[in-house]
Amino acid sequence: MINFQAIYAILLREIKVFVREKERIISILISPLLFLFVIGRGISSSLPAHGYTYQQFIFPGILAMVILFTSITYGLYIIWDKRLDFLKEVLVAPISRATLFLGKASGGIFGALIETLMLLAIGAVFILPITPLEALLCFLTAVPVSFMIVSIGLSIGGLMKSMEGFGLVMSFLTWPMFFFSGALFEIKDTDLYLKVISLVNPFTYCVDLMRKILLDYSSFSLAADLGVISAWIVITSFVGIKIFGNLQQNK
Amino acid sequence: METAIKTFNLTKKFKDLTAVDSINLDIPKGETLALLGPNGAGKTTFISMLSTLVKPTSGTASVAGVDINENSLGVRKKIGIVFQEPSTDDILTARENLELHAMLYGLPRAAALKKIDEILEVVGLSKRADDFVKTYSGGMRRRLEIARGLIHDPEVLFLDEPTLGLDPASRKVIWDYIKGIKARNNTTMILTTHYMEEADLLSDRIAIIDYGKIVALDTAKNLKNVLGQDLVFLKGAINPEIGKLDFVLDVEKESGGVKIMIKDLNRNLKELINKAGDFSEIEIRRVSLEDVFLKFTGHKLEEEKGGGNIFETIAQYKTKRK
Ligand SMILES: Nc1ncnc2c1ncn2[C@@H]1O[C@H](COP(=O)(O)OP(=O)(O)OP(=O)(O)O)[C@@H](O)[C@H]1O
Ligand SMILES: [Mg+2]
């Protein structure tokens with residue numbers, strides 16, 4: 001059912017697209033950098049958090065944010081492919097829809113890894129010391145986190161008919177996932193409603209994992225983080241493959 | 001004879017519009033079927049269902065022995081397709097497009113590279129193979145599109161207006177290559193086209209489709225025979241009684257004159273000229289596929305008022321002049 005050569009072929013195409021459209025790489029980084037250097041720096045002076053400056057405290061969350069934005073945006077790009085008719089070529093190819101899904105997902109993961117690398121470099125230079133081991137762990141963590149989120153993006157993109165919905169998804173899904181994740185604050189210290197929403201938000205556990213690696217500080221156990229993320233990967237990729245199974249050509 | 005494609009009441013509806021209306025078609029292995037029909041007749045939709053890109057509303061079909069509803073992946077393993085709409089990847093080079101295709105179709109690397117060089121040569125893109133497709137002209141993209149559909153030697157090939165927008169020389173090269181493939185691999189093909197010459201040249205049989213229904217299906221020769229052997233155009237004050245002559249099959253007004261279809265031109269032309277009245281111009285020609293096409297579908301165009309389509313506008317213009 002799963003054709004690895006085809007996954008590789010699709011990944012290769014996505015890598016070429018990613019490398020050739022550099023504007024995309026840069027534009028994704030803008031919001032996270034604003035958070036990091038404007039809000040992070042601005043609040044830093046007044047509010048030290050757990051022995052770190054506020055900027056240092058939110059850095060792991062911003063790193064996760066970069067993965068979130070890259071992965072969702074990438075997933076939604078499938079609508080573009082549909083509209084431009086590139087997708088037809090892969091839709092008639094002799095590969096299962098699971099293969100197509102995994103190929104596309106691996107393209108998204110690749111993109112997220114590049115962005116992760118860039119942010120780690122910025123972080124190491126300007127914000128906090130990052131050891132090679134920490135960087136490696138962040139890099140490895142980015143793979144499942146991105147897989148989970150890119151699956152959400154591909155699922156939604158697979159259902160949507162036009163790019164118009166893009167803004168809606170960003171406003172009503174991506175930004176709330178980011179804000180209700182404890183990326184910018186400590187979950188334990190917040191109101192009940194914030195806490196409840198954050199606990200059901202899978203992205204919360206991605207942020208927690210990054211914080212554990214980089215700051216050696218976390219709200220949940222490693223097992224809880226990994227367990228929640230794995231469960232979500234199973235669900236989102238299953239749903240995504242189902243949705244891809246029904247993908248048809250649409251103009 | 002072994003059947004390559006068989007459809008069973010294949011139907012596709014888009015809301016109220018029935019794009020393909022209960023088509024039953026049987027195509028033997030190795031046959032090339034040309035699918036002709038006016039814009040919007042349902043040709044592309046028909047091919048899209050057979051290539052599993054669009055799910056039928058009802059009915060089904062088997063392609064190379066595999067059911068399109070039950071095993072779409074199985075069907076995709078047997079087919080190749082050249083799309084009507086451009087679907088090559090702008091951001092890749094021509095060679096990269098072809099390599100991607102070869103990998104998706106599981107061709108062994110060495111053989112694929114050889115095949116890619118060969119086909120690039122055929123479609124005349126060797127020199128530009130490593131340029132990005134976004135820098136290509138429309139015709140070059142079209143040639144790349146064709147090349148891609150042909151590299152993996154499918155059992156069944158769908159060609160949706162393959163030579164659309166190509167210059168006459170390129171078109172001829174493509175025709176020869178398609179004929180070569182057919183001779184070599186006994187490939188079954190469905191070809192849609194608006195170029196009658198192309199249909200005449202490449203196809204074994206012709207199906208004319210209109211409003212989603214097959215309205216004629218036969219060899220080009222037989223279809224032409226249905227209309228009679230020959231055509232005589234006369235301009236001037238034509239005697240309206242000529243329609244009553246026993247060798248006259250049909251009389252139609254056309255561009256300021258009349259188009260008369262007659263049996264056995266050699267024997268009857270003299271009598272026709274005697275009875276035709278006072279004509280100022282005469283032109284004689286054999287029935288072409290275009291006449292067949294217009295006969296089966298032309299009158300329908302009158303009904304489509306106010307469409308934005310250029311072809312419809314032309315058709316309306318013609319209608320008004322009648
Ligand atoms: N995705 C779609 N949604 C709604 N209607 C559609 C869709 N695709 C095709 N149609 C309609 O179905 C009919 C058949 O379209 P189709 O593309 O199959 O025609 P065609 O014979 O290929 O025409 P052409 O010669 O212009 O390529 C048209 O009326 C068209 O508007
Ligand atoms: Mg068409």
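Just above sits the structure.
The text that follows walks through the structure, step by step, so that each part is easy to find.

Rules used in this analysis
- Residues numbered from 1 in each chain as written.
- Chains lettered and ligands numbered in written order.
- Predicted model: local features only at pLDDT ≥ 70, side-chain atom pairs only at ≥ 80, totals over all residues.
- Heavy atoms only, no water.
- Helix = DSSP H or I, 4+ residues; strand = E, 2+ residues; numbered from the N terminus.
- Rg over C-alpha atoms; globule rule 2.2 N^0.38 Å.
- Buried < 20%, exposed > 50% of the residue type's maximum accessible area, 1.4 Å probe, protein only.
- Contact = heavy atoms within 4.5 Å.
- Buried area = accessible area lost by both parts, 1.4 Å probe.
- Salt bridge = Lys/Arg side-chain N within 4 Å of Asp/Glu carboxyl O.
- Nonpolar A, V, L, I, M, F, W, Y, C, P; charged D, E, K, R; others polar.
- Phe/Tyr/Trp six-rings, centres within 6.5 Å; stacked < 30°, edge-to-face > 60°.
- Lys NZ or Arg CZ within 6 Å of the ring centre and 35° of its normal.
- Donors = N, O, S within 2.8 Å, 3.2 Å for Na, K, Ca; no water.

Remarks on the overall build of chain A
- Of regular secondary structure, chain A possesses 11 helices and zero strands.
- Starting at the N terminus and ending at the C terminus, chain A contains elements arranged as α-α-α-α-α-α-α-α-α-α-α.
- The globule rule puts the C-alpha radius of gyration for 251 residues at 18 Å, and the 18 Å found for chain A is close to it.
- With the C-alpha coordinates aligned to their principal axes, the bounding extent of chain A is approximately 55 × 35 × 35 Å.
- The burial tally for chain A puts 57% of its 251 residues in the buried class.
- Intrachain contacts of chain A at a sequence separation of at least 6 include 78% that bridge at least 24 residues.

Things to note about the interface of chain A and chain B
- On the side of chain B, 30 residues touch chain A, which itself brings 27 residues to the contact.
- Summed over both sides, the interface of chain A with chain B buries roughly 2700 Å², with 59% coming from carbon and sulfur.
- It is A:E89, A:V92 and A:P94 in chain A that bury the most area against chain B; as a group they hold 25% of the surface buried on that side.
- If you look at where chain A meets chain B, you find four salt bridges.
- Notably, a salt bridge pairs B:E96 with A:R20, separated by 2.8 Å at the nearest N-O pair.
- Listed by contribution, the elements that provide at least two residues to the side of chain A that touches chain B are α1 (4-20) and α5 (86-91) of chain A.
- A class-by-class count of the residues in the side of chain A that touches chain B yields 13 nonpolar, six polar and eight charged.

With respect to helix α3 (residues 94-104) of chain B
- Across the 11 residues of α3(B), 10 count as buried, placing the element largely inside the fold.
- Those residues of α3(B) lying buried are B:A94, B:E96, B:N97, B:L98, B:E99, B:L100, B:H101, B:A102, B:M103 and B:L104.
- Packing partners of the buried residues in α3(B) comprise α1 and α5 of chain A together with α4 (109-122) and α5 (138-150) of chain B.
- Positive backbone phi, at 65 degrees, marks B:G106, one or two positions downstream of α3(B).

With respect to the packing of aromatic side chains
All names here are of chain A.
- Considering all chains together, one arrives at 13 aromatic pairs over all chains under this definition.
- Ring centres 4.9 Å apart and planes at 80 degrees place the aromatic pair F69 and W175 in the edge-to-face group. Here the residue F69 occupies a position in helix α3 (residues 54-76), and W175 occupies one in helix α8 (residues 165-179), the gap between them amounting to 106 residues.
- Looking at F69, the relative accessible area reads 6%, which means it is buried.
- Members of the aromatic cluster, joined through ring pairs, are F35, F69, W175, F178 and F179.
- Over the aromatic face of Y77 sits the side chain of R24, whose NZ or CZ is 3.7 Å from the ring centroid.
- When the ring centre of F57 is taken as origin, the NZ or CZ atom of R211, which lies over that ring, is 4.1 Å away.

What to know about the coordination of the magnesium ion (ligand 2)
Residues and elements named next belong to chain B.
- Taken together, T44 (OG1) and Q84 (OE1) make up the protein donors of the magnesium ion (ligand 2), found 1.8 to 2.0 Å from the metal. Pair noted here: T44 is in helix α1 (residues 43-50) and Q84 is in the loop between β6 (79-82) and α3, with a separation of 40 residues, a long-range link.
- Judged by its relative accessible area of 24%, Q84 falls in the partly exposed class.

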